[in-house]
Amino acid sequence: AVAATLGACATTLVVTPLDVVKVRMQVHVCQIDAATAASASATRNAAVLCHDPASHFRNVFDALVRIPQQHGIRALWRGVSTSLALAVPTTGLYFTFYEALLNAVPSSRAFHENGKHNTAVAPSAALLCGMSARCATAILAAPLELLRTRIQASTASSSMSSFATTEPTRVMPRFPHSSFALALRDLHALVRSADLGWRVLFRGLGPTLLRDAPFSAIYWASYEALKAESGLPRLVAALVPQSSRHRIGAPLSTDSGGESNAAGFGTYVAAGSVSGMLAAAITTPADVVKTRMQAADGQQHLRMREVINDVFRSEGISGFTRGLTARVAKVAPACAIMMGSYELIKEFWVW
């Protein structure tokens, strides 16, 4: 838990700007011009109408440049205090749950033929344990995740389209969250105004689970497979000269018999980054739906199906890939830093 928490703090401080960019790009809506989208074939080439050019970003780099120009450099770290408040307990719980579940599954860890314990984890066990641990953590952290998303989305102007409900959705006004206290006040007002009461704190939990469960399943199965002896270490052994291997894949320690462990720091970083990129790309559509639901204002109960229909109707299939580059660019270094620091601290920490 300590190793995971320290890694989460370092990760949050580094990748928060990319997280802000991702949220800003996902909540901004450019509708398809209905006049040029009369048919399914025409929709692919339909003109796009943007009613808020100031919040429209061409790409991640454009957003990283223009957000500080419009709102100051601190805008890129908007919500960092909430992110830290979210990351510190939940990441510790997440990794603790994951390790506990692995230890509870007798066949989760493999053994060498000579009987020595091997740190390799069976991909199937990693998939199930990672998915279960993430679902439990996501449910516990849902209110803080809602608060963080609303803070990061608050710098966008009210250009979000209304969702497909009987009453139009009242979108968030510009700059309602200039401080953490104001964000809490806004959330409290939402709880009081919404028909669901305190249950509105779990708005977006459905798509969050739909995003996080497969993300963790893909991530941990890929990570453990790449970290194992037959994964990246074997690839390094085949491609990198013996004299240079210590620079990227040096083992962190040796066992009691003098044999080096298969995975080194470079392996942890590379395996975490590759696995994170793969999982992030696949689960981006669910992330878009989750962000739209949590950033939206209004009193009506938003259903996931309605948000999905609204995204498809207003932007087509491409609407579900909004923020894809920013999400992958954020997750890759985040997972690299997290797993590198986590494995390193876990290896050397004196309990």
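Calculation notes
Residues numbered from 1 in each chain as written. Predicted model: local features only at pLDDT ≥ 70, side-chain atom pairs only at ≥ 80, totals over all residues. Heavy atoms only, no water. Helix = DSSP H or I, 4+ residues; strand = E, 2+ residues; numbered from the N terminus. Buried < 20%, exposed > 50% of the residue type's maximum accessible area, 1.4 Å probe, protein only. Contact = heavy atoms within 4.5 Å. 1 Å grid on protein atoms, 1.4 Å probe; cavity = no way out; pocket = protein on both sides within 12 Å on 5 of 7 lines; lining within 4 Å. Points joined across faces, edges and corners; volume = space filled by probe spheres on them. Nonpolar A, V, L, I, M, F, W, Y, C, P; charged D, E, K, R; others polar. Salt bridge = Lys/Arg side-chain N within 4 Å of Asp/Glu carboxyl O. Phe/Tyr/Trp six-rings, centres within 6.5 Å; stacked < 30°, edge-to-face > 60°. Axes fitted to C-alpha atoms, helices over the stretch in contact; angles between N-to-C directions. Parallel < 35°, antiparallel > 145°, perpendicular 65-115°, else oblique. Left-handed = near helix turned anticlockwise from the far one by under 90°. Core = buried A, V, L, I, M, F, W, Y, C linked by side-chain atoms within 4.5 Å. pLDDT = per-residue confidence, 0-100.

A. Region of interest: the side chain of Arg-327. Mapped onto the elements of the fold, Arg-327 is located in helix α13 (residues 324-348). Using a relative accessible area of 5% as the deciding quantity, one classes Arg-327 as buried. Non-local contacts of Arg-327, meaning those with residues more than four positions away in its chain, are made with Lys-22, Arg-211, Phe-215, Ala-280, Thr-283, Thr-284 and Asp-287.

B. Layout of empty space enclosed by the protein. Overall, the coordinates contain two cavities of 30 Å³ or more when judged by the stated rule. Here the largest cavity is characterised by a volume of approximately 860 Å³. In terms of lining, the largest cavity is formed by 41 residues, of which the most central are Thr-91, Arg-134, Arg-148, Phe-215 and Lys-330. Contributions of two or more residues to the lining of the largest cavity are made by α1 (2-27), α4 (80-104), α5 (123-153), α7 (205-227), α11 (284-295) and α13. With nine residues, the top contributor of residues to the lining of the largest cavity is α5. Residue composition of the lining of the largest cavity, by class: 19 nonpolar, eleven polar and eleven charged.

C. Representation of the pattern of salt bridges within the structure. All chains considered together, the criterion is met by 17 salt bridges. Note that Arg-322 is salt-bridged to Glu-315, the shortest N-O span being 2.5 Å. The buried category is assigned to Arg-322, whose relative accessible area is 15%. Given a relative accessible area of 7%, Glu-315 falls into the buried group. A cluster of three or more residues bridged by salt bridges with shared partners is formed by Asp-19, Lys-22, Arg-134, Glu-145, Arg-148, Arg-211, Asp-212, Asp-287, Lys-290, Arg-327 and Lys-330.

D. Geometry of the packing of aromatic side chains. On inspection of all chains with the given rule, the structure shows ten aromatic pairs. When the centroid spacing of 5.9 Å and the interplanar angle of 10 degrees are considered together, the rings of Tyr-219 and Tyr-223 count as stacked. Note that Tyr-219 and Tyr-223 are positioned in helix α7 at a spacing of four residues, about one turn of the helix. With a relative accessible area of 0%, Tyr-223 lands in the buried category. In this structure an aromatic cluster arises from ring pairing among Tyr-94, Phe-95, Tyr-98, Phe-215, Tyr-219, Trp-220, Tyr-223 and Tyr-342.

E. View of the packing of α7 against helix α10 (residues 265-282). At a minimum axis separation of 8 Å, α7 and α10 run at an interaxial angle of 150 degrees. Taken together, the axis directions place α7 and α10 in an arrangement best described as roughly antiparallel. Crossing hand, α7 versus α10: right-handed. Every residue of α10 that contacts α7 at Phe-215, Ile-218, Tyr-219, Ser-222, Tyr-223, Leu-226 and Lys-227 is listed here: Thr-267, Tyr-268, Ala-271, Gly-272, Val-274, Ser-275, Gly-276, Leu-278, Ala-279, Ala-280 and Ile-282. Residue composition of the contact of α7 with α10, by class: twelve nonpolar, five polar and one charged.

F. Broad picture of the side chain of Arg-148. Relative to the helices and strands, Arg-148 resides in helix α5. Those residues in contact with Arg-148, other than ones at most four positions away along the chain, are Asp-19, Gly-79, Thr-82, Ser-83 and Leu-86.

G. Seen up close, the packing of α5 against α11. Viewed as axis vectors pointing N to C, α5 and α11 meet at an angle of 80 degrees, and their least axial separation amounts to 9 Å. One finds that α5 runs roughly perpendicular with respect to α11. Between α5 and α11, the contacting residues are Glu-145, Leu-146, Thr-149, Arg-150 and Ala-153 on the first element and Lys-290, Thr-291, Gln-294 and Ala-295 on the second. In the contact of α5 with α11, the residues fall into three nonpolar, three polar and three charged.

H. Broad picture of the environment of Val-23. Tracing the backbone shows Val-23 in helix α1. In sequence terms Val-23 and Gly-323 are 300 residues apart; their C-alpha atoms lie 7.2 Å from each other. Apart from residues lying up to four places away in sequence, Val-23 is in contact with Thr-149, Gln-152, Ala-153 and Thr-291.

I. View of the nonpolar core. If you look at the biggest cluster of nonpolar residues, it comprises 26 residues, and the most contacted ones within it are Phe-95, Tyr-98, Tyr-219, Trp-220, Tyr-223 and Met-339. Those elements giving two or more residues to this core turn out to be α1, α4, α5, α7, α10 and α13. If one sorts the elements of this core by residue count, α13 sits on top with six residues. Tyr-98 has contacts with Val-121, Ala-126, Cys-129, Gly-130, Ala-133, Trp-220 and Glu-224, leaving out every residue within four places of it along the chain. Within the second largest apolar cluster, ten residues are counted, among which are Val-21, Met-25, Val-60 and Leu-76.

J. Looking closely at the environment of Leu-278. Take Leu-278: it is sitting in helix α10. Exposure remark for Leu-278: the relative accessible area of 41% places this residue in the partly exposed category. With 54 residues separating them in the primary sequence, Leu-278 and Ala-332 have C-alpha atoms 9.0 Å apart.

K. View of the confidence of the model for the protein. Confidence in the prediction for the protein averages 75 pLDDT; 67% of positions are at 70 or higher. The lowest-confidence element of the protein is helix α2 (residues 40-43), averaging 45 in pLDDT; the highest-confidence one is α11, averaging 92. Note on residues 111-117: pLDDT is under 50 here. Beyond four places in sequence and across chains, it has ten contacts.

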